[in-house]
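# Survey of secondary and tertiary structure
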Amino acid sequence: MDRKRVVRSLITFSLLAALVAVLVISQNRDPSNPHTAVSKDVWIHGPRGHGYAVLNNQQPWKQCYTCHEKKGLGGEEYCQSCHDQSGVKVVIPKKPAQ
């Protein structure tokens, strides 16, 4: 009986520790943000980060703006303000008139 109790206690403490670890790790993640898994520095300056996304997505109104607006950041204005702060001179593609 005593051995079973020790094993149960170890299992209980292990599960509790795992739960605490999951809760702590999940506090630093936003599941609705596709960029969360990548550090900000890597996302901005990395080889497959922001620059790569911009060069391969010439329709930001379809992908970037809608998500940024849902987050309350704004669409084109958000991108432009960041470019202005960092001194980047770029022409943001405009949504074609339909």
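Please refer to the structure placed before this passage.
The following paragraphs examine the structure supplied in this document. Nothing here was measured: the structure is a model prediction, and the numbers come from that model.

Within the protein chain, the regular secondary structure consists of five helices and zero strands. Helices and strands appear in the protein chain in the N-to-C order α-α-α-α-α. Along the three orthogonal principal directions, the C-alpha set of the protein chain runs to about 75 × 30 × 20 Å. For the protein chain, the proportion of its 98 residues judged to be buried stands at 13%. Pairs at least 24 residues apart make up 32% of the contacts formed inside the protein chain by residues separated by at least 6 positions.

It is worth spelling out the packing of aromatic side chains at this point. To describe a pair of aromatic rings, one takes the distance between the centres and the angle between the planes. Considering all chains together, one arrives at zero aromatic pairs under this definition. Against the face of Tyr 52 rests Arg 48, its NZ or CZ located 4.2 Å from the ring centre.

On to the environment of Trp 43, then. With respect to the helices, strands and loops of the structure, Trp 43 is situated in helix 2 (residues 40–45). Considering only alpha carbons, one finds Trp 43 and Ser 26, 17 residues apart in sequence, at a separation of 20 Å. Setting aside chain neighbours within four positions, we find Trp 43 in contact with His 35, Val 38, Arg 48, Gly 49, His 50 and Ala 53.

Structurally, the position occupied by His 68 is in helix 4 (residues 64–70). In this structure His 68 comes out as buried when scored by relative accessible area, which is 17%. Beyond its immediate sequence surroundings of up to four residues, His 68 is in contact with Leu 73, Gly 74, Tyr 78 and Cys 79.

This paragraph deals with a nonpolar patch on the surface. On the surface, Phe 13, Leu 16, Leu 19, Val 20, Leu 23 and Val 24 cluster together into a nonpolar patch covering about 590 Å² of accessible area. By secondary structure assignment, the location of Leu 19 is in helix 1 (residues 2–26). Overall, the relative accessible area of 47% leaves Leu 19 in the partly exposed class.

This brings us to the side chain of His 83. Along the chain, the position of His 83 falls in helix 5 (residues 76–86). Judged by its relative accessible area of 13%, His 83 falls in the buried class. Excluding residues within four positions of it along the chain, His 83 makes contact with His 50, Val 88, Val 90 and Ile 92.

Examined against the element boundaries, Pro 34 turns out to sit in the loop between helix 1 and helix 2. For the pair Pro 34 and Gln 85, spaced 51 residues apart in the sequence, the C-alpha separation amounts to 23 Å.

In a disulfide, the sulfur atoms of two cysteines are held together by a covalent bond. Within the structure shown, the criterion is met by zero disulfides. Cysteine Cys 67 shares no disulfide, and the gap to the nearest cysteine sulfur, in Cys 64, comes to 8.5 Å. Judged by relative accessible area, which is 25%, Cys 67 ranks as partly exposed. For the unlinked cysteine Cys 79, the closest cysteine sulfur is that of Cys 64, found at 6.2 Å.

Thresholds, definitions, all that
Residues numbered from 1 in each chain as written. Predicted model: local features only at pLDDT ≥ 70, side-chain atom pairs only at ≥ 80, totals over all residues. Heavy atoms only, no water. Helix = DSSP H or I, 4+ residues; strand = E, 2+ residues; numbered from the N terminus. Buried < 20%, exposed > 50% of the residue type's maximum accessible area, 1.4 Å probe, protein only. Contact = heavy atoms within 4.5 Å. Phe/Tyr/Trp six-rings, centres within 6.5 Å; stacked < 30°, edge-to-face > 60°. Lys NZ or Arg CZ within 6 Å of the ring centre and 35° of its normal. Patch = residues over 30% accessible without salt bridge, like charges linked within 9 Å, V, L, I, M, F, W, Y side chains within 5 Å. Areas by Shrake-Rupley, 256 points an atom, 1.4 Å probe, with all protein chains shown as cover. Salt bridge = Lys/Arg side-chain N within 4 Å of Asp/Glu carboxyl O. Disulfide = S-S within 2.5 Å.

Purely geometric numbers; function is a separate question.
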